[in-house]
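An overview of the molecular structure
Below are the chains, spelled out letter by letter.
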Amino acid sequence: MALKIAPSILSADFGRLAEEVQAAEEAGADWIHVDVMDGHFVPNITLGAAITAAVRRATALPVDVHLMVERPEDHLEAFRDAGADWISVHSEACPHLHRVLERIRELGARPGVALNPATPLGAVEEVIPLMDLLLVMSVNPGFGGQRYIASSTAKLARARKLLDDAGGREVELEVDGGIGPETALEASRAGAGVLVAGSSIFRSPEGVYEALKGLRENLVEPSGHG
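So, a few notes on the structure that sits alongside this text. (Residues numbered from 1 in each chain as written. Predicted model: local features only at pLDDT ≥ 70, side-chain atom pairs only at ≥ 80, totals over all residues. Heavy atoms only, no water.)

Now for the nonpolar core. Judged by nonpolar contacts, the single largest core of 61 residues is most densely connected at Ile9, Leu67, Val89, Met131, Leu134, Leu156 and Leu195. Each residue touching Leu195, except ones within four places of it in the same chain, is listed here: Leu3, Lys4, Ile5, Ala6, Val175, Ile179, Ala184, Ala187 and Leu219. Core analysis: the second largest hydrophobic core is formed by 10 residues, Trp31, Ala114, Leu135 and Val194 among them. (Core = buried A, V, L, I, M, F, W, Y, C linked by side-chain atoms within 4.5 Å. Buried < 20%, exposed > 50% of the residue type's maximum accessible area, 1.4 Å probe, protein only. Contact = heavy atoms within 4.5 Å.)

What follows is the structure, given as structure tokens:
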């Protein structure tokens, strides 16, 4: 699996959302990442299905929706109808995780599971056959612009081994939180194949194009997954 960069629109200028998304696409983004927060599961309220639909209209790239919400099963249809290609839910918010992942696939989207920094990888062992993506949070979710948690690198390496040892199917390993040139390199070396970057791209003084280009130039393909 080739290394992918998924700019997070959480850090974009919402007055120019379509332009920001198109600039990221022109700069070589692989996916567009949409962070959805409900003010309950995490201490912030952000984007909904209407913004996801606006992103969908602005790009042909895969739209990667990360639901940081309580009862994500109540919102799956809305985000799929809005154009989400990937939908990730938190294991911490899903007492019936098997059912939720199966429903995402039934709707025609690719299912993913997200883990908070303090959540052990064992939380996903039983559902690896049902998921197409594992999202390791490298900050405590809720706000953009946070610093990368150093222990995330070792967790990513363990996650890559867990997924590889499961065998039989390829599962994307995504990392989100505090990703910039240095941490992106560190995470990719640990085995992450999808890098979510927000502030380092959309708030860069160099502009979106140069920031994304610089980020990619500093990366290496994850070992055995290029």
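Backbone hydrogen bonds are what pair the strands of a sheet, in a parallel or an antiparallel way. Pairing in this open sheet of eight strands is parallel, and the strands run β1-β8-β7-β6-β5-β4-β3-β2 from one edge to the other. A strand with exactly one partner marks an edge of an open sheet, and here the two such strands are β1 (4–7) and β2 (32–37). Recorded for the sheet is a direction-independent mean angle of 25° between the axes of neighbouring strands. Two strands pair when backbone bridges link them, and β1 and strand β8 (residues 194–197) are joined in this way by four bridges, in the parallel orientation. When the sheet's bridge partners are listed, Ile5 is paired in β8 with Leu195. Across the face of the sheet, helix α2 (residues 49–58) comes into contact with β2 and β3 (63–68) while running at roughly 165° to β3. (Pairing = 2+ DSSP bridges. Helix = DSSP H or I, 4+ residues; strand = E, 2+ residues; numbered from the N terminus. Axes fitted to C-alpha atoms, helices over the stretch in contact; angles between N-to-C directions.)

Now for the pairing of strand β5 (residues 110–115). Within β5, five of the six residues are buried, leaving the element largely enclosed by the surrounding structure. Of the pairings in the sheet, the one linking strand β4 (residues 86–90) to β5 comprises five bridges and is parallel in character. Looking across to β5, one finds that His90 is bridged to Ala114. Between the parallel pair β4 and β5, the chain is carried across by helix α4 (residues 97–106), and the sense of this crossover is right-handed. Two elements, β5 and strand β6 (residues 133–137), share four bridges in a ladder whose sense is parallel. Opposite Val113, over in β6, you have Leu134 as the bridge partner. (Right-handed = clockwise from strand over helix to strand, strands pointing away.)

Now for the pattern of salt bridges. This structure, assessed with the given rule, holds 14 salt bridges. In this structure, the salt-bridge partner of Glu172 is Lys4, at a minimum N-O distance of 2.8 Å. Highlighted residues: Glu172 in strand β7 (residues 172–176) and Lys4 in strand β1, separated in sequence by 168 residues. One exposure class covers both Glu172 and Lys4, and it is buried. Connected through salt bridges with shared partners, the residues Asp13, Arg16, Glu19 and Glu20 form a single ionic network. (Salt bridge = Lys/Arg side-chain N within 4 Å of Asp/Glu carboxyl O.)

Despite not being glycine, Arg71 shows a phi value in the positive range, around 50°. On the secondary structure map, Arg71 appears in the loop between β3 and α3 (76–81). For Arg71, a relative accessible area of 49% translates into the label partly exposed.

This next bit is on the environment of Asn218. Mapping Asn218 onto the fold places it in the segment after α8 (208–217). In the structure, Asn218 is positioned 38 residues away from Gly180 in sequence and 9.7 Å away in space, judged by C-alpha atoms. Beyond its immediate sequence surroundings of up to four residues, Asn218 is in contact with Pro181, Glu182 and Leu185.

Its location among the elements puts Lys155 in helix α5 (residues 152–166). Buried Lys155, no salt bridge; nearest opposite-charge side chain is Glu92, N-O distance 6.8 Å. Within the structure, Lys155 has its side chain in polar contact with the backbone oxygen of Asn116 (distance 3.0 Å). (Lys, Arg positive; Asp, Glu negative; His and termini not counted. Polar contact = N/O pair within 3.5 Å; in protein donor to acceptor, adjacent residues only side chain to side chain.)

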